[in-house]
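A look at the structure
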Amino acid sequence: RLRGDLYVTDVNVGSPTKLTGLEANEVPASPTWSPDGSRIAFQRITSRSAALSSIDLALLNFTSDIWSIPAGGGDARRLTKDGRSADPSFGN
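Let us look at the structure shown here. (Residues numbered from 1 in each chain as written. Predicted model: local features only at pLDDT ≥ 70, side-chain atom pairs only at ≥ 80, totals over all residues. Heavy atoms only, no water.)

Thoughts on the pairing of strand β3 (residues 26-33)
When β3 meets strand β4 (residues 39-47), the two strands line up antiparallel, connected through six bridges. Counted as the bridge partner of Ala 29 is Gln 43 from β4. What sits between the antiparallel neighbours β3 and β4 is a turn of five residues, in which Gly 37 has the positive phi angle 75 degrees. (Pairing = 2+ DSSP bridges. Helix = DSSP H or I, 4+ residues; strand = E, 2+ residues; numbered from the N terminus.)

See the structure below:
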């Protein structure tokens, strides 16, 4: 079973801040910072099963969309809705 959330850590304080509260069938991947450091875009992988597993990944039993969240925490925004998006980027 795969599970996780997205965190940031203040290098001066060293304590992590949890940015996401994903369900058991979701996991974040490929986070990337915006050029100004204010947001983080990430791939949100969602299993079609009750919990995400490596078997779901191998059998392509998942959807994937790009989300963006403020770097300091807050509400995430879904940027794609095709279920196939991967490798987020803020461009050049």
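With respect to the pairing of β4
In terms of residue burial, β4 counts as a mostly covered element, since nine of its nine residues are buried. Taking every second residue as pointing to the same face, both faces of β4 are buried, with Arg 39, Ala 41, Gln 43, Ile 45 and Ser 47 on one and Ile 40, Phe 42, Arg 44 and Thr 46 on the other. For β4 and strand β5 (residues 62-70), the ladder comprises nine bridges, and the chain directions are antiparallel. Within β5, the position partnered with Phe 42 by the bridge is Trp 67. (Buried < 20%, exposed > 50% of the residue type's maximum accessible area, 1.4 Å probe, protein only.)

Some remarks on the pattern of salt bridges
This structure, assessed with the given rule, holds three salt bridges. For Lys 18, the salt bridge is made with Asp 5, and the minimal N-O distance between the two is 3.5 Å. Here Lys 18, found in strand β2 (residues 16-18), pairs with Asp 5, found in the segment before β1 (7-9); they are 13 residues apart in sequence, far enough to count as distant. With relative accessibility at 45%, the residue Lys 18 sits in the partly exposed group. One salt bridge connects Asp 65 with Arg 78, and the closest N-O pair in it is separated by 2.8 Å. A residue pair is termed long-range when its members are at least 10 positions apart, and Asp 65 in strand β5 and Arg 78 in strand β6 (residues 77-78) qualify at 13 residues. With relative accessibility at 5%, the residue Asp 65 sits in the buried group. On the accessibility criterion, Arg 78 (40% relative accessible area) is partly exposed. (Salt bridge = Lys/Arg side-chain N within 4 Å of Asp/Glu carboxyl O.)

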